[in-house]
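Structural features, examined
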Amino acid sequence: MSGSNGRFAAVFFDLDGTLVSERIGVREARTAVGARMIELGVWDKPASAFADTIEMVIGGIMEDNNWQWPLWLHAEEWLKRSLDVADVQVSDDEFRELADIYRDERSDRATAIDGWPEALAAARTHGPIGLITNFNDGPMQREKIRGAGLDGQFDGVYISGEVGVWKPEPGIFEHAAQDLGVEPSDCVHIGNNVESDIMGALSAGMSALLVEEDDRERPPSLDPRVVWCSDLHGVAEWLRSR
Ligand SMILES: [Mg+2]
């Protein structure tokens, strides 16, 4: 629980789907891979059809994993599987180039979610702001932070691939709190994933706030200890009210 005055010693945010949206950007990045495949002469359908193939492959894997993103499912892995499914052969150099195109396009297209300046300003009145994000590729995640215009907004950036611990493991929340010199029990973590963000934060002793990009109603099964907001404007209002 936070201090008796209701203020937090630090406020932590998740990145993807919480502060940064990539939904359109990811699709465009996948289509850009298809476009390069056409130029390489290895794909004779529309570029977007390869994006469809990627999404089908990822969708199948997600379904097999209870809709939790498996940590091994990084870009190289699903690109390799998608090429296999599409029966496309590329050289090692071409494969590397396609993976790089995806990474570059994705970083370039990441956009900060509406309401983020208000939410970070409200968080700043409590104390330091940290970012706790699950991603295997630290440099790419930092590129994405820059691409979305959020560079310099955080007192600490904790990327699971760099810390070596993944949400929902309490270790990454404890590491982040320790690095900012605060007790986890005096902090709140704000994220869009019930398992990794919310259950993880609670298991580390932090307060937790679920914010979802699309949903407009509190999930009925959500732990009653968890605060729920439909967007970052609501997050800002809640942080200001404490
Ligand atoms: Mg997220």
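Everything quoted here is computed from the prediction, not taken from an experiment.

Details of the environment of Ala110
Mapped onto the elements of the fold, Ala110 is located in the loop between α4 (92-109) and β3 (111-112). Distance in space between the C-alpha atoms of Ala110 and Gly149 is 8.9 Å, their sequence separation being 39 residues. If we skip the residues at most four places from it in the chain, Ala110 touches Val20, Glu22, Gly25, Lys144, Gly147 and Ala148.

Considering the pairing of strand β6 (residues 187-191)
Of all five residues in β6, five are buried, a share of seventy percent or more. Burial along β6 is two-sided: Cys187, His189 and Gly191 and Val188 and Ile190, pointing in opposite directions, are all buried. Strand direction decides the pairing type here: strand β1 (residues 10-13) and β6, joined by four bridges, are parallel. Of the residues in β6, the one forming a bridge with Phe12 is His189. Sheet analysis places β6 next to strand β7 (residues 207-211), joined by four bridges and oriented parallel.

Here's the deal with the packing of helix α1 (residues 23-39) against α4
One can describe the packing of α1 onto α4 by two numbers: an axis separation of 8 Å at closest approach and a directional angle of 150 degrees. Here α1 lies roughly antiparallel to α4, going by the angle between them. The chirality of how α1 crosses α4 is right-handed. Within the contact between the two elements, α1 uses Gly25, Val26, Glu28, Ala29, Arg30, Ala32, Val33, Arg36 and Met37 and α4 uses Glu97, Leu98, Ile101, Tyr102, Glu105, Arg106 and Arg109.

Here we look at the sheet that holds strand β5 (residues 156-159)
Strand order in the open sheet formed by six strands is β5-β4-β1-β6-β7-β8, and the pairing between neighbours is parallel. In this open sheet, the two edge strands, each paired with only one partner strand, are β5 and β8 (227-229). When the angles between neighbouring strand axes are averaged without regard to direction, this sheet yields 20 degrees. Judged from the three bridges that link them, β7 and β8 form a sheet pairing that is parallel. Looking at β8, one finds that Val211 is bridged to Cys229.

Some remarks on the domain arrangement of the chain
Each domain of the chain was delimited in the assignment, giving domain 1 (10-21 + 112-240) and domain 2 (23-109). The centre of domain 1, based on its C-alpha atoms, is set 28 Å off from the matching centre of domain 2. Contacts between the two partners involve nine residues from domain 1, matched on the other side by seven residues from domain 2. Sorting elements by how many residues they give to the side of domain 1 that touches domain 2 places helix α6 (residues 138-147) first, with four residues.

So, how was this worked out
- Residues numbered from 1 in each chain as written.
- Predicted model: local features only at pLDDT ≥ 70, side-chain atom pairs only at ≥ 80, totals over all residues.
- Helix = DSSP H or I, 4+ residues; strand = E, 2+ residues; numbered from the N terminus.
- Contact = placed C-beta atoms within 7 Å.
- Buried ≥ 20, exposed ≤ 12 C-beta atoms within 10 Å, placed from the backbone.
- Pairing = 2+ DSSP bridges.
- Axes fitted to C-alpha atoms, helices over the stretch in contact; angles between N-to-C directions.
- Parallel < 35°, antiparallel > 145°, perpendicular 65-115°, else oblique.
- Left-handed = near helix turned anticlockwise from the far one by under 90°.
- Domains from an automatic or database assignment.

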